[in-house]
Amino acid sequence: MTPSTIELTPTAEDRRIARHAAAAIVLTVAEAAIPLPLPGVKPGLANIVTLVVLARWGWREAVWVSLLRVLAGSLLLGQFFAPGFFLSLSGAVASLLVLGLAMHLPRRWFGPVSHSILAAFAHIGAQLVVARLWLVPHDGVFYLLPVFALAAVVFGLVNGLVAARLLAELPSSPAAGSTPVSATPQPGPLDREADHPER
Amino acid sequence: MAQWRALLLPGDMMVVAAGLVVCAYAVLSLWRGGAPDGAVVRAGGRVVAEVDLNRERRIDVPGPLGVTVIEIQPGRARVASDPGPRQYCVRQGWLTQAGAVAICAPNEVSLSLTGRAADYDSLNY
């Protein structure tokens, strides 16, 4: 094999982001197999990873993990550039913005559960706005708001609790650069793909 | 269970409660089927008043027999008094559903409630 003229040397941070993104992508794909009562109501298990990364590694890494997950997850599910992709993307961007604000709430009072629920509301809010403006140009979409809001509270609570538990139980030694999520698959092709963003 | 409870901080409980309040508010404001949002008063077939149901007021509507008094309250409306002989429209009492109509035929006055989800598309006599 011809040696590449461009040498990309991933830093520890790159590897960490790639591992977390891979874990989130696995959860996204696994979640797609769960039958859903209503289109749009999803547990959003991958957000557990985002919450853990946010708490432990900060907002910037959470943004990377979340957006890589949306991108690669949609590629794997054949949703890339389909309406669902833009809904996911808008929800993820809104959630990340809200998380960026929510993480500055006093830690003594507000934990991952608060972050999770607030982000879930931002998620449904952005998705409903995009759906209303683009996919279903009718106020009828807002008729489903109560269902989405309840789902945001319930799944936000569950995801937040799982994230809080993971944060409490996993060793907090960042030195090893080991992934806090045990469900991480072998860092394989996804790992390399996630490393591509040039930096 | 207690292990999980310990992960909930006081602020988290507040956020959960606030989320549930938002849910309840969304249900009440978006799923109120048939709630009226306005009233239309006609005399002799012409619309003489179109009002919302947000605040209390009285409307006097002149007709061939005299004055019919319409009373509006938040969320409901009625014919308070009418010079007609049989008083059907007065005895109908408060109208609370979108699409509900009270007709004082002798005095040619009608009161109907409008709303997004009216039970009838139109009424014909």
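Scroll up to find the structure.
Residues numbered from 1 in each chain as written. Chains lettered and ligands numbered in written order. Predicted model: local features only at pLDDT ≥ 70, side-chain atom pairs only at ≥ 80, totals over all residues. Heavy atoms only, no water.

1. Side note on the overall build of chain B
Here's step 1: Across its full length, chain B carries 3 helices and 7 strands.
Here's step 2: When the helices and strands of chain B are listed from N to C terminus, the series reads α-α-β-β-β-β-β-α-β-β.
Here's step 3: When the 125 residues of chain B are sorted by exposure, 34% land in the buried category.
Here's step 4: A separation threshold of at least 6 residues defines the contact pool for chain B, and within that pool the share at least 24 residues apart is 34%.
Here's step 5: Accessible area of chain B: about 7,500 Å², with a carbon and sulfur share of 55%. (Helix = DSSP H or I, 4+ residues; strand = E, 2+ residues; numbered from the N terminus. Buried < 20%, exposed > 50% of the residue type's maximum accessible area, 1.4 Å probe, protein only. Contact = heavy atoms within 4.5 Å. Areas by Shrake-Rupley, 256 points an atom, 1.4 Å probe, with all protein chains shown as cover.)

2. Focus on the pairing of strand 6 (residues 101–104) of chain B
All names here are of chain B.
Here's step 1: The alternating pattern of strand 6 places A102 and C104 on a buried face and V101 and I103 on a face that is not buried.
Here's step 2: Where strand 6 meets strand 7 (residues 109–114), 4 bridges bridge the pair, whose relative direction is antiparallel. Looking at strand 7, one finds that A102 is bridged to L111.
Here's step 3: Counting the residues that bridge the hairpin from strand 6 to strand 7 gives 4 residues, and of these E108 lies at a positive phi of roughly 60°. (Pairing = 2+ DSSP bridges.)

3. What about the packing of aromatic side chains?
Here's step 1: Going through the model one piece at a time under the given rule, you end up with 6 aromatic pairs over all chains.
Here's step 2: Aromatic pair F80(A) and F85(A): ring centres 5.1 Å apart, planes at 70°, arrangement edge-to-face.
Here's step 3: We classify F85(A) as buried; its relative accessible area is 6%.
Here's step 4: Through a chain of ring-to-ring contacts, three or more aromatic side chains come together here, namely F80(A), F81(A), F85(A), F86(A) and W134(A).
Here's step 5: Of note, R16(A) hangs over the ring of W57(A), and the distance from its end group to the ring centre comes to 3.7 Å.
Here's step 6: The ring of W4(B) carries the charged tip of R165(A) above its face, separated from the ring centre by 4.5 Å. (Phe/Tyr/Trp six-rings, centres within 6.5 Å; stacked < 30°, edge-to-face > 60°. Lys NZ or Arg CZ within 6 Å of the ring centre and 35° of its normal.)

4. Focus on the state of the cysteines
Residues and elements named next belong to chain B.
Here's step 1: In this structure the tally under the stated criterion is 1 disulfide over all chains.
Here's step 2: The disulfide that involves C89 links it to C104, with 1.9 Å between the sulfurs. Of note, the bridge from C89 to C104 carries an S-S torsion of about 105° and is right-handed in sense. Taken as a pair, C89 in helix 3 (residues 88–91) and C104 in strand 6 lie far apart in primary sequence, 15 residues in all. (Disulfide = S-S within 2.5 Å.)

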